[in-house]
Amino acid sequence: MEVSRRRFLSIGPVGVLGGSALGFDLTESINVKQRLRIEGATLAHSLCPYCAVGCSIIAYTRKAANGRTELLQIEGDPDSPVNEGTLCPKGATSLQLAVSRRRVPQPLYRAPGAAGWTKVSWEFMLDRLARNIKASRDATFVTQDAEGNVVNRCEGIAFAGGAAFSSEEGYLATKLMRGLGLVHLEQQARV
Amino acid sequence: MYGQERARALELRERYPHAREVLGLYLALVDVWESADPGGVRADGGSVPSSGAGEGRGAAPGGNAWLEWAAAVVLPRVMAATAAHGPRPLAEAVGGVGAGDGAGLLAAWVAGEELTPVERFLARATMRVVPVERRPESAAGRCPACGGPPQLSYRLASEDPLVSGRRMLACAACPHEWSFSATTCPNCGESGKRTVHAEAHANPPAASPEAGSASRTGPYVGRHGPVPEAMFPQLRAESCESCHRYLIDVDLGRDPGAVPRVDELAAVPVDLYMAEQGHTKITANLMGF
Ligand code: SF4
């Protein structure tokens, strides 16, 4: 039979019950779909906090059953002109800032001469830190340099800020350390 | 080009019984395309030449000549392959019908006219080996070569595990593929509300004190390997929460042997899932999914 454009137009949908618009049998696909466990993750743009390169990252998150947002994965943003999808090993593991199997949830203390670590309370740890800082500061505080200039500085303690610091945390840390007279301040973001 | 598609379709037809019908018809069409397009003249998506190029095209002088050639040479073969290898309702609808004003049908498809699903299928299957005219101006998310909508998205494999491969889109109307933002909806341009739908553990591992909060329960996305029991390790769907459209995304990093246009056809269960979630594919594929 010769077919005209009209004739072609008369070939309508051929879908049948349980089939697609072209008549493919969907029974098996429906069975597979019912066995599949698919979940959604939301994409968000962010920046690697570790150094001044400022690589762009894509974070995958999802809302957990308890309503909290869970971070699932972090990877380089292939659209970024800065890093074009690449991350250095530090950035590639930045997920561990939020989620890590190896996170130490409690202060650990190794007493002088001891071979192992013991769990201690936050009170013990903060008190110990304060005492050690005071002792080091008292022992190494310099009021005058070799030429007699007043300097009032602590040369026996150095401080390194974490690259994951917020601006506010960085400000607070700098204020505190300068208040103690420290001059050796560094930031991981510059390393 | 066709060899790769054929090999992958054969492989997936064995792996996915649910896609046997779809891939069986696709394999028959691959034979048609290969026989009608021996020179692979569409590979560059080039403009219509002024004279016939390639065996079987006769003295096609350009203009609508490609459509006439396709209607006379390719369409009857597509119809015969469909009648022989398509699902019964489709085969019956197509069988016994001669190729009358096929050029009119193809012209209507090129012009973007409303067609029935069967007409659309015949036109698309036929036009696979016909050069399309280039349209230099094209909207974002549309094919830079012909202006057609994206059929699917895929991620390039990267040899370095620290590097995320670029995202590519493949055109639904021509063989062109182009790089596109990994986090922007090709349909509406939204870049803030993207959701990736991927397989998760059917039986999530119980959280142990050792694993802490890092015990893996959510969808396996990004550079993560797939869930061990994944049925579609190389596939996921990407949807936009603004326009509720989606594309199947094929990750060549997870399966370097994947052929995106073939793998996308096997994703029918994922398509059904997405429809259930209220999402519509940006454009249905050749087989209407
Ligand atoms: S730490 Fe690495 S990934 Fe992060 S910004 Fe610097 S170079 Fe980029």
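Conventions used here
- Position numbers for residues count from 1 along each chain, tracking the sequence in the order it is written.
- Think of it this way: whatever chain is written first is A, whatever ligand is written first is 1, and the rest follow in order.
- Two thresholds apply to this predicted model, a pLDDT of at least 70 for residue-level local features and 80 or more for giving and counting side-chain atom pairs, whereas whole-chain, interface and lining totals are computed over all residues.
- Working from all heavy atoms in the structure, the side-chain values ignore hydrogens and water.
- UniProt positions are given in the numbering used here, feature names are shortened, and annotations may be inferred rather than shown by experiment.
- In this text, helices come from DSSP runs of H or I with a minimum length of four residues, and strands from runs of E with a minimum of two, each type numbered from the N-terminal end.
- With the radius of gyration taken over C-alpha atoms, the globule rule is written as 2.2 Å times the number of residues to the power 0.38.
- Relative accessibility decides the category of a residue: with a 1.4 Å probe and only protein chains considered, values under 20% of the type maximum give buried, values over 50% give exposed, and everything between is partly exposed.
- Residue contacts follow a heavy-atom distance rule, with two residues in contact if any of their heavy atoms lie within 4.5 Å.
- Per-residue and other accessible areas follow the Shrake-Rupley method at a 1.4 Å probe size, with only the shown protein chains counted as cover for residues.
- The sign given to each residue is positive for Lys and Arg and negative for Asp and Glu; His and the chain ends receive no count.
- Here the site of a charge means atom NZ of a Lys, CZ of an Arg, CG of an Asp or CD of a Glu.
- Here, a strand pair is defined by DSSP locating no fewer than two bridges between the strands.
- What counts as an axis is a line fitted to C-alpha atoms, over the stretch in contact for a helix, and the angles between N-to-C directions run from 0 to 180 degrees.
- Salt bridges are counted wherever a side-chain nitrogen of Lys or Arg sits within 4 Å of a carboxyl oxygen of Asp or Glu.

Per an unreviewed UniProt entry, chain B goes by FdhE protein and derives from Nonomuraea rubra.

Per an unreviewed UniProt entry, chain A carries the name Formate dehydrogenase major subunit and comes from Nonomuraea rubra. According to the UniProt record, the Cofactor (unreviewed entry) comment for chain A reads "[4Fe-4S] cluster".

Q: So what exactly am I meant to see when it comes to the overall build of chain A here?
A: Regarding its fold elements, chain A presents 5 helices and 8 strands. For chain A, the N- to C-terminal ordering of α and β elements is α-α-β-β-β-α-β-β-α-β-β-α-β. Taken over the C-alpha trace, chain A has a radius of gyration of 31 Å; the compact-globule value for 191 residues is 16 Å, which it surpasses by more than 25%. Here chain A holds 191 residues, and 31% of them are scored as buried. Partitioning the intrachain contacts of chain A with sequence separation of at least 6 by distance along the chain shows that 30% fall at a separation of at least 24. Accessible area for chain A stands at about 12,200 Å²; split by element, carbon and sulfur atoms hold 56% of it. Mean positive and mean negative side-chain charge positions of chain A (23 and 18 charges, respectively) differ by 6 Å.

Q: I tried to follow the sheet that holds strand S6 (residues 141–144) of chain A on my own but got confused; where do I start?
A: Sheet strands associate in pairs through backbone hydrogen bonding, adopting either a parallel or an antiparallel arrangement. Residues and elements named next belong to chain A. Judged by pairing direction, the sheet is mixed, and its 3 strands sit side by side in the order S6-S7-S8 without closing on themselves. Only two strands of the sheet have a single partner each, and these edge strands are S6 and strand S8 (182–187). The sheet shows a mean angle of 25° between the axes of neighbouring strands, taken without regard to direction. Judged from the 5 bridges that link them, strand S7 (residues 150–161) and S8 form a sheet pairing that is parallel. If you follow Cys 154 over to S8, its bridge partner there is Leu 182. Lying over the sheet, helix H4 (residues 122–140) contacts S6 and S7, oriented at roughly 140° with respect to S7. Contacts from helix H5 (residues 167–179) reach S7 and S8, with the element oriented near 160° to S8.

Q: Got a minute to help me understand the pattern of salt bridges in this structure?
A: A side chain of one charge can pair with a side chain of the opposite charge when the charged atoms of the two come close. Under the counting rule described, the total for this entry stands at 27 salt bridges over all chains. Of the charged contacts, one joins Lys 33 of chain A and Glu 276 of chain B as a salt bridge, the two residues approaching to 2.4 Å between their closest N and O atoms. Here Glu 276 of chain B lies in helix H8 (residues 268–276) and Lys 33 of chain A lies in helix H2 (residues 27–35), a pairing that spans two chains. The closest approach of N and O atoms between Arg 6 of chain B and Glu 34 of chain B, which form a salt bridge, is 2.5 Å. Remark: Glu 34 of chain B occurs in helix H2 (residues 20–36) and Arg 6 of chain B occurs in helix H1 (residues 2–15); sequence separation between them is 28 residues. Judged by its relative accessible area of 21%, Arg 6 of chain B falls in the partly exposed class. Salt bridges sharing common partners tie together Arg 155, Arg 167, Arg 194, Arg 236, Glu 238 and Asp 249 of chain B.

Q: Whenever I open this one, the UniProt feature "domain: FdhE C-terminal" (unreviewed entry) in chain B confuses me. Can you help?
A: Following the UniProt record, one finds the feature "domain: FdhE C-terminal" (unreviewed entry) at residues 234–287 of chain B. As a span, residues 234–287 of chain B carries 24% helix and 28% strand, and end to end its C-alpha atoms are 20 Å apart.

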